[in-house]
Amino acid sequence: ARLNPDHFNNTQKLRVVEGSLGDPKALANLADGVDAFFHLAGLTHAKQQNDYRKINVEGAVEAAKASRDAGALFVHTSSMSARMPNTSPYAQSKFDSESAVSAVGGRWVTLRLPAIYGPRDMVTLPIFKLVKSGLALETRTEIPARASILFVEDAGLSLVAAAQSAPPGHVYEVG
């Protein structure tokens with residue numbers, strides 16, 4: 001199944017809310033009247049390590065509080081990197097965000113997504129070009145390295161499926 005783009009073309013179904021993850025009033029306005037609150041924000045590259053915590057953990061907590069207070073299901077996106085939090089500040093922040101969201105209470109579900117690719121994605125394009133040319137890089141690590149990537153539409157479908165039918169209070173890995 002694929003997402004139906006026509007579903008998103010009806011501007012009567014869209015509401016623009018200006019604000020930030022540090023603005024509880026804007027988050028409350030965003031959560032007001034919704035069945036599910038999708039939290040997709042995240043910092044993948046930071047100038048300072050504390051920025052990961054500020055955005056990925058504290059931002060997720062503020063969004064989860066707004067969702068809880070509105071009675072909405074909080075659909076939190078994490079990362080497969082949260083499996084091994086000690087590997088990077090980013091991975092640690094995503095791992096920490098999962099327990100922080102759980103501690104907020106309310107109804108929540110967390111999806112650990114792998115790397116996501118799609119049209120006009122300039123980050124993964126070089127990898128696909130290498131593979132297309134017949135080359136594939138193999139990392140030399142003590143434990144064999146693995147990678148998982150997910151097409152953007154499939155990531156979207158997994159979020160919708162989680163909101164519709166995943167039992168709350170759990171972390172799910174998507175691949």
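Scoring rules and cut-offs
- Residues numbered from 1 in each chain as written.
- Predicted model: local features only at pLDDT ≥ 70, side-chain atom pairs only at ≥ 80, totals over all residues.
- Heavy atoms only, no water.
- Helix = DSSP H or I, 4+ residues; strand = E, 2+ residues; numbered from the N terminus.
- Contact = heavy atoms within 4.5 Å.
- Buried < 20%, exposed > 50% of the residue type's maximum accessible area, 1.4 Å probe, protein only.
- Pairing = 2+ DSSP bridges.
- Right-handed = clockwise from strand over helix to strand, strands pointing away.
- Axes fitted to C-alpha atoms, helices over the stretch in contact; angles between N-to-C directions.
- Parallel < 35°, antiparallel > 145°, perpendicular 65-115°, else oblique.
- Left-handed = near helix turned anticlockwise from the far one by under 90°.
- Phe/Tyr/Trp six-rings, centres within 6.5 Å; stacked < 30°, edge-to-face > 60°.
- Expected span 1.5 Å × (residues − 1).
- Salt bridge = Lys/Arg side-chain N within 4 Å of Asp/Glu carboxyl O.

A.B. asks: Teacher, can you tell me more about the environment of Leu130 here?
C.D. replies: Its location among the elements puts Leu130 in helix α4 (residues 125-132). Not counting chain neighbours up to four residues away, the residues in contact with Leu130 comprise Leu135 and Leu137.

A.B. asks: Got a minute to help me understand the pairing of strand β3 (residues 108-113) in this structure?
C.D. replies: Two faces, one strand: in a regular strand the side chains alternate between the faces of the sheet. Burial analysis of β3 places six of its six residues in the buried class, the great majority of the element. Residues Trp108, Thr110 and Arg112 point to one face of β3 and Val109, Leu111 and Leu113 to the other, with burial holding for every one of them. In terms of strand pairing, strand β2 (residues 73-79) meets β3 through six bridges, oriented parallel. In the sheet register, Val75 faces β3, and the bridge partner there is Val109. Read from β2 through helix α3 (residues 89-104) to β3, the crossover connection turns out right-handed. Sheet analysis places β3 next to strand β6 (residues 170-173), joined by four bridges and oriented parallel. Within the sheet, the bridge partner assigned to Arg112 lies in β6 and is Glu173.

A.B. asks: Help me understand the packing of helix α1 (residues 24-31) against helix α2 (residues 49-70) in this model?
C.D. replies: Helix packing for two helices is described by the angle between their axes and how far apart those axes are. With their axes 8 Å apart at the nearest point, α1 and α2 run at an angle of 45° to one another. Taken together, the axes of α1 and α2 lie oblique to each other. Between α1 and α2 lies a crossing whose hand is right-handed. In contact with Pro24, Leu27, Ala28 and Ala31 of α1, α2 contributes Glu62, Ala63, Ala66, Ser67 and Ala70.

A.B. asks: Before we go on, may I ask you to explain the packing of aromatic side chains in this structure?
C.D. replies: In this description, an aromatic ring pair is defined by two values, namely the gap between the centres and the angle between the planes. What the rule picks out here adds up to four aromatic pairs. Relative to Phe128, the ring of Tyr117 has its centre 5.0 Å away and its plane inclined at 55°; by these criteria the two rings are tilted. Taken together, the residues Tyr117 in strand β4 (residues 115-117) and Phe128 in helix α4 connect sequence positions eleven residues apart. The exposure class assigned to Tyr117 is partly exposed, which follows from its relative accessible area of 25%. In this structure Phe128 comes out as partly exposed when scored by relative accessible area, which is 35%.

A.B. asks: Hey, could you run me through α3 in this one?
C.D. replies: An α-helical turn contains 3.6 residues, so a residue and the one three or four places further along point in the same direction. For α3, spanning 16 residues, the distance from its first C-alpha to its last is 22 Å, which sits close to the expected 22 Å at 1.5 Å a residue. If you follow the buried residues of α3, they end up packed against α2, β2, β3 and β6. Following α3 by one or two positions, Gly105 adopts a phi angle in the positive range, close to 90°.

A.B. asks: Can you walk me through the pattern of salt bridges in this structure?
C.D. replies: Note that side chains of opposite charge can pair when their charged atoms are close. One pass over the structure, following the stated rule, counts six salt bridges. Where Glu62 meets Lys65, a salt bridge forms, and the shortest distance between an N and an O atom there is 3.6 Å. With Glu62 and Lys65 both in helix α2 and three residues apart, this pair spans about one turn of that helix. Overall, the relative accessible area of 25% leaves Glu62 in the partly exposed class. A salt bridge links Asp69 to Arg68; the nearest nitrogen and oxygen atoms lie 2.9 Å apart. Look at the salt bridges and you will find they share partners, linking Arg83, Glu98, Arg112 and Glu173 into a network.

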